[in-house]
Amino acid sequence: MGRILKSGHGWCIGWDTDAEVFKGLVGTDDWALELTETELNDFCRLFNQLSETMVQMSRELMDEEAIACEAESDHIWLEVEGYPHAYSLHLILLTGRGGEGRWSASAIPDLLQAIQSLKVY
């Protein structure tokens, strides 16, 4: 499979099957974090769960209501915050070297689509 790097305005995500430890990469135009395979799998899985939660919440909330939802594994913590149709994503690594990052609402649709096609998790 080799190396895959997908990027757009305000986001990037990558996968390298040949890397020894840090097979994943997530970031924006301003920062990037290398992730282990487990961390990247958790990132993709939890981001998908939070995205589905926001879709479900769109049926429950009024248009002007904002919400924050979080999810975590043993390795990462994620939070989405904003409106069901426009929300930011916040990541904190919980183990090892640590790290933190945030994606703006404008980057979320393309980043979510990219992880669907990355097929790591």
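Residues numbered from 1 in each chain as written. Predicted model: local features only at pLDDT ≥ 70, side-chain atom pairs only at ≥ 80, totals over all residues. Heavy atoms only, no water.

Draft legend 1. Inspection of helix α1 (residues 37–58) at higher detail. Helix length check: α1, at 22 residues, gives a terminal C-alpha distance of 32 Å against a target of 32 Å (1.5 Å per residue), a fit within 8%. Listing the buried residues of α1 in full gives Glu-39, Leu-40, Asn-41, Asp-42, Phe-43, Cys-44, Leu-46, Phe-47, Asn-48, Leu-50, Ser-51 and Met-54. (Helix = DSSP H or I, 4+ residues; strand = E, 2+ residues; numbered from the N terminus. Expected span 1.5 Å × (residues − 1). Buried < 20%, exposed > 50% of the residue type's maximum accessible area, 1.4 Å probe, protein only.)

Draft legend 2. Geometry of the pairing of strand β8 (residues 99–103). Here five bridges tie strand β7 (residues 86–93) to β8, and the two strands are oriented antiparallel to one another. Across the sheet, Leu-93 pairs through a bridge with Gly-99, a residue of β8. Counting the residues that bridge the hairpin from β7 to β8 gives five residues, and of these Gly-96 lies at a positive phi of roughly 65°. (Pairing = 2+ DSSP bridges.)

Draft legend 3. Region of interest: the pairing of strand β6 (residues 76–83). For β6, the buried fraction is high: six of the eight residues fall into the buried class. Inspection of the sheet shows strand β5 (residues 67–72) paired to β6 by six bridges, in the antiparallel sense. The residue of β6 that forms the bridge with Ala-71 is Leu-78. Hairpin connection between β5 and β6: a loop of three residues separates the two successive antiparallel strands. Where β6 folds back onto β7 in an antiparallel hairpin, the turn is made up of two residues.

Draft legend 4. Main features of the packing of α1 against helix α2 (residues 108–118). The interhelical angle for the contact between α1 and α2, taken along N-to-C directions, is 125°, at an axis separation of 11 Å. Judged on the interaxial angle alone, α2 and α1 are oblique. Both α1 and α2 take part in a crossing whose hand is left-handed. Each of Leu-40, Phe-43, Cys-44, Phe-47, Asn-48 and Ser-51 in α1 lies in contact with α2, whose residues at this interface are Ile-108, Leu-111, Leu-112, Ile-115, Gln-116 and Leu-118. (Axes fitted to C-alpha atoms, helices over the stretch in contact; angles between N-to-C directions. Parallel < 35°, antiparallel > 145°, perpendicular 65-115°, else oblique. Left-handed = near helix turned anticlockwise from the far one by under 90°. Contact = heavy atoms within 4.5 Å.)

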